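Close look at the chain arrangement
Each chain is listed here by its residues.
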Amino acid sequence: MQTLQTHWNTEVSSLLEKYPEWQKMLMSAIDKPQLDVGYCPFVIEIFDQYGLLAGRINKFGCYECKRLSNQESQFVAWMFDGELAIFYVDSHMLLNRIAIREELTL
């Protein structure tokens with residue numbers, strides 16, 4: 001599943017306009033292919049409008065940043081090895097570059 005849509009509702013569009021760097025990264029990632037089914041990123045980092053939320057360096061550990069309870073995420077962006085892989089706003093999935101492995105049924 002790549003992007004679910006490219007013409008977003010007014011609320012999502014207004015939000016993206018507040019964060020032009022993220023909007024630019026999202027728009028350039030939309031045209032990129034899905035990640036390979038067996039792809040396992042070395043570095044996974046999760047961001048929102050405040051910056052880094054959490055991350056993991058493969059087999060070396062996890063890290064996270066503290067937030068105040070009133071600092072709610074307006075969007076969430078997952079970066080795999082420095083590339084935008086997932087981006088969502090509330091329940092609106094704007095980008096999903098993760099390939100889903102099809103299971104064979106007999």
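Structure: above.
Described in the following lines is the structure provided in the data block. (Residues numbered from 1 in each chain as written. Predicted model: local features only at pLDDT ≥ 70, side-chain atom pairs only at ≥ 80, totals over all residues. Heavy atoms only, no water.)

1. As for the side chain of N96
The topology assignment puts N96 in strand β6 (residues 92–96). At 3.0 Å, the side chain of N96 and the backbone nitrogen of I98 are in polar contact. (Helix = DSSP H or I, 4+ residues; strand = E, 2+ residues; numbered from the N terminus. Polar contact = N/O pair within 3.5 Å; in protein donor to acceptor, adjacent residues only side chain to side chain.)

2. Describing the packing of aromatic side chains
The tally for this structure, following the rule as stated, stands at six aromatic pairs. Between W22 and F47, the ring centres sit 5.7 Å apart and the planes meet at 50°, which makes this aromatic pair tilted. Here W22 is found in helix α2 (residues 20–30), whereas its partner F47 is found in strand β1 (residues 43–48), with 25 residues between them in sequence. A relative accessible area of 14% places W22 in the buried class. Judged by relative accessible area, F47 falls into the buried class, the value being 18%. Aromatic rings pair up to connect Y19, W22, F47, F75 and F87 into one cluster. (Phe/Tyr/Trp six-rings, centres within 6.5 Å; stacked < 30°, edge-to-face > 60°. Buried < 20%, exposed > 50% of the residue type's maximum accessible area, 1.4 Å probe, protein only.)

3. Comments concerning the pairing of β6
As paired elements, strand β5 (residues 83–89) and β6 share four bridges and run antiparallel to each other. Note that in β6 the partner of V89 across the bridge is H92. Counted along the chain from β5 to the antiparallel partner β6, the turn is two residues long, and its residue D90 has a positive phi close to 50°. (Pairing = 2+ DSSP bridges.)

4. Re the sheet that holds strand β2 (residues 51–57)
What the six strands build is an open sheet, ordered β3-β2-β1-β4-β5-β6; its pairing is antiparallel. The open sheet has two edge strands, β3 (61–64) and β6, and neither has a second partner. The mean inter-strand angle of the sheet, taken between neighbouring strand axes irrespective of direction, is 15°. Sheet topology places β2 next to β3; four bridges connect them, and they run antiparallel. The residue of β3 that forms the bridge with G55 is Y63. Sitting on the sheet, α2 is in contact with β1, β4 (76–80), β5 and β6, with an inclination near 115° to β5. (Axes fitted to C-alpha atoms, helices over the stretch in contact; angles between N-to-C directions. Contact = heavy atoms within 4.5 Å.)

5. Brief notes about unusual backbone geometry
At K59, a position not held by glycine, the phi torsion is positive, near 65°. Its place among the elements puts K59 in the loop between β2 and β3. Residue class for K59 comes out exposed when judged on its relative accessible area of 71%. Here the phi dihedral of D81 falls at roughly 50°; this positive angle occurs in a residue that is not glycine. Inspection of the secondary structure puts D81 in the loop between β4 and β5. Judged by relative accessible area, D81 falls into the partly exposed class, the value being 36%.

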